[in-house]
Amino acid sequence: HLYADRDGETRLVCSDSDGCCGHPAVAGLRNNNAVFFAPPASIARGKLSDAGMFGHPNAEFDWCETNFKFSHLVAEPFNSGTSILYVLAGAAAVILHRDLPLPRHLIAQAVILALIGVGSTCFHSTLRYNQQLWDELPMYWLIVSAGVTFFTRGDPAAKKGGGSPSVALLLSAALWTAAVTATILTTERDSRVHTIARGVLTCTFSLLLVYAFTAGARTAREVDDATTKHSASDTPTSATATRLFALSFWSFIIGVLAWIIDILFCSNLQALTLYPNLHSVWHIGSAYGSYGLLVLCAWHHKAIRDEEPAHVEYFGGWFPVIVPAKLRVE
């Protein structure tokens, strides 16, 4: 909730019914109330009066980009525009690997990645709470699906075209995700059940994100070992799975750092002649990183499960695409 204190400073406050538990910006607890993400006044400037065609912003978060600066149709045009990168990344993963092709569960993850872009665009365009949920929920679907993929990557039952991960685990993950999603969407924002569900989502998301990066590093090493074994040449190559993972990981890290700087130094950034929208850098980094990890999983599927050699080519020196060895043009 936004409120103005005695000094005229605008602050964002979260009560125990707002779902603070698990939010990364939690600052402290007092009398069953959590006060978090108290941004500089500039980050909330005009938020109480500005309203777009969809109503007053009522989301839990509002970023440094000035609201409705160019039109009442879009609250944050640059954040909205860069959100489309998730849609492009998901589409690119499927289209550029149509000759591979991607297994069904990775196609599903590419679709979810595109849905993140749709939800994020709606959220940054309206800054409404319902749209915020549709920004967050697809992220949760993707991280749960990715966790299952990494966990079952060595399942011998999926060898040689077996395709999808363990059916039992995949079904359990789908039911869990559906339960969390349904609970959040069908309960009132201020209800205790809604708060608990949001807390569960945030906490499990954080754990799965750590696991995804840890398992991703191991996955990259496994692909490199398999590629070396299958390679007919002893010539070293820079297009390794380890390099792909590193590019993806550091893209996320740079994006997170930009996200934090945009929050903590909003007043300083807005005082510049040209405001550098660093939240957009988060969109760029996380979209690229998500695409990279999806490509890594597809490469592992090809090299380990299908036992077929493949390599990665970088278009423009930075955009990875898997090419099966039989399609490689010498």
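What counts, and at which threshold
- Residues numbered from 1 in each chain as written.
- Predicted model: local features only at pLDDT ≥ 70, side-chain atom pairs only at ≥ 80, totals over all residues.
- Heavy atoms only, no water.
- Salt bridge = Lys/Arg side-chain N within 4 Å of Asp/Glu carboxyl O.
- Helix = DSSP H or I, 4+ residues; strand = E, 2+ residues; numbered from the N terminus.
- Buried < 20%, exposed > 50% of the residue type's maximum accessible area, 1.4 Å probe, protein only.
- Phe/Tyr/Trp six-rings, centres within 6.5 Å; stacked < 30°, edge-to-face > 60°.
- Lys NZ or Arg CZ within 6 Å of the ring centre and 35° of its normal.

**Q** In this structure, what is going on with the pattern of salt bridges? I would like to understand it.
**A** Side-chain pairing between opposite charges can occur once the charged atoms of the two side chains come close. Summed over the entire model, instances satisfying the criterion amount to three salt bridges. Put simply, Arg 198 and Glu 60 hold a salt bridge, and the shortest N to O gap is 3.0 Å. Taken together, the positions of Arg 198 in helix H5 (residues 192-230) and Glu 60 in the loop between strand S5 (33-36) and helix H1 (77-95) put the pair 138 residues apart, joining distant regions of the chain. Looking at Arg 198, the relative accessible area reads 1%, which means it is buried. Here Glu 60 falls in the buried class, since its relative accessible area comes to 5%.

**Q** Would you mind going over the packing of aromatic side chains with me for this structure?
**A** The description of an aromatic ring pair uses the distance of the two centres, along with the angle that the planes make with each other. Per the stated rule, a full pass over the model turns up 12 aromatic pairs. Relative to Phe 319, the ring of Trp 318 lies with its centre 5.3 Å away and its plane at 80 degrees, an arrangement referred to as edge-to-face. Taken together, the aromatic side chains of Phe 213, Phe 245, Phe 249, Trp 250, Phe 252 and Trp 282 make up a single cluster linked through ring pairs. Positioned above the aromatic ring of Tyr 129, the side-chain terminus of Arg 189 is 4.0 Å from the ring centre. Cation over ring: Arg 243 sits above Tyr 314, and NZ or CZ is 4.1 Å from the ring centre.

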